[in-house]
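# Coordinate inspection notes
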Amino acid sequence: MNIIVTSIFVQDQDKALDFYTNTLGFVKKHDVPSGAYRWITVVSPEAQDGTELLLEPNEHPAAKEYQKKLFADGIPVTMFGVPDIQEEYQRLINQGVRFTMKPTKTGDIIIAVFDDTCGNLIQIIEQQ
């Protein structure tokens, strides 16, 4: 069994697609009409056949509430691995990304948390 798709709720699919591709550097894999919305997935440029991240509309009331409460409590919805967190932090700061936690060493890892502009906090991690 493999994880092929995981999802995050987003407030605006177009804004999310722009942020996740142009700011974070992911690659669009699918963008297919699906009723009133679209099935939009992005992948890592280094693993384009790997796990896809679905940018899922938060239109269901439970999804909106879930997203809102996690954000308010400062809880990231997912985690992305990076080889050099200081370099990635500086790259994203230079693009105007707002961090809620600067790179912080915790045991054998370094983590940081940023706002994806689509209703989520995202954690990045460098494992040492």
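Up top you'll find the structure we're talking about.
I will try to describe carefully the structure that is included in this document. Just so you know, these numbers come straight off a predicted model, no measurement behind them.

## Section: the environment of Gln-67
Mapped onto the secondary structure, Gln-67 falls in helix 2 (residues 61-72). Along the sequence, Gln-67 and Asn-120 sit 53 residues apart, while their C-alpha atoms lie 6.8 Å from each other. Setting aside anything within four residues of it in sequence, one finds Gln-67 in contact with Phe-9, Val-10, Gln-11, Asn-58, Cys-118, Gly-119 and Asn-120. In this structure the side chain of Gln-67 is engaged in a polar contact, spanning 2.6 Å, whose partner is the side chain of Asn-58.

## A look at the pattern of salt bridges
Scanning the model with the defined rule gives seven salt bridges in all. Residue Lys-69 is joined to Glu-65 by a salt bridge in which the shortest nitrogen-to-oxygen separation is 3.6 Å. Note that Lys-69 and Glu-65 are positioned in helix 2 at a spacing of four residues, about one turn of the helix. Through salt bridges that share partners, Asp-14, Lys-28, Asp-31 and Arg-38 make up one connected network.

## Description of the sheet that holds strand 3 (residues 37-43)
Pairing is mixed in the open sheet, where four strands are placed in the order 1-4-3-2. The open sheet terminates on both sides in strands that have one partner only, identified here as strand 1 (5-10) and strand 2 (27-34). Within this sheet the neighbouring strands show an average axis-to-axis angle of 25 degrees, counted without direction. In this structure, strand 2 lies alongside strand 3, joined through seven bridges in antiparallel fashion. Considered in strand 3, the bridge of Asp-31 is made with Ile-40. Lying on the sheet, helix 1 (residues 13-23) is in contact with strand 1, strand 2, strand 3 and strand 4 (52-57); it crosses strand 3 at an angle near 10 degrees.

## What to know about the sheet that holds strand 7 (residues 109-115)
Note on sheets: strands pair through backbone hydrogen bonds, and any given pair is parallel or antiparallel. Strand order in this open sheet of four strands is 5-8-7-6, and the pairing throughout is mixed. Edge positions in the sheet fall to strand 5 (78-81) and strand 6 (99-106), since each has one partner strand and no second. Averaged over all pairs of adjacent strands, the angle between strand axes in this sheet comes to 20 degrees, irrespective of strand direction. Sheet topology places strand 6 next to strand 7; five bridges connect them, and they run antiparallel. The residue bridging Lys-105 from the neighbouring strand is Ile-110, located in strand 7. Sitting on the sheet, helix 3 (residues 85-94) touches strand 6, strand 7 and strand 8 (121-127), and the angle it makes with strand 6 is about 170 degrees.

## Regarding the packing of aromatic side chains
This model, assessed by the stated rule, comprises seven aromatic pairs. On the basis of an interplanar angle of 80 degrees and a centroid distance of 6.2 Å, the ring pair of Phe-9 and Tyr-66 is categorised as edge-to-face. Separated by 57 residues along the polypeptide, Phe-9 in strand 1 and Tyr-66 in helix 2 bring together distant segments of the chain. Taking relative accessible area as the criterion, Phe-9 reaches 24% and is therefore assigned partly exposed. Between the aromatic rings of Tyr-20 and Phe-26, the centroid separation amounts to 6.4 Å while the plane-to-plane angle is 25 degrees, which identifies the pairing as stacked. For the residue pair Tyr-20 and Phe-26, the accessibility class agrees, reading buried in each case.

Rules behind the numbers
- Residues numbered from 1 in each chain as written.
- Predicted model: local features only at pLDDT ≥ 70, side-chain atom pairs only at ≥ 80, totals over all residues.
- Heavy atoms only, no water.
- Helix = DSSP H or I, 4+ residues; strand = E, 2+ residues; numbered from the N terminus.
- Contact = heavy atoms within 4.5 Å.
- Polar contact = N/O pair within 3.5 Å; in protein donor to acceptor, adjacent residues only side chain to side chain.
- Salt bridge = Lys/Arg side-chain N within 4 Å of Asp/Glu carboxyl O.
- Pairing = 2+ DSSP bridges.
- Axes fitted to C-alpha atoms, helices over the stretch in contact; angles between N-to-C directions.
- Phe/Tyr/Trp six-rings, centres within 6.5 Å; stacked < 30°, edge-to-face > 60°.
- Buried < 20%, exposed > 50% of the residue type's maximum accessible area, 1.4 Å probe, protein only.

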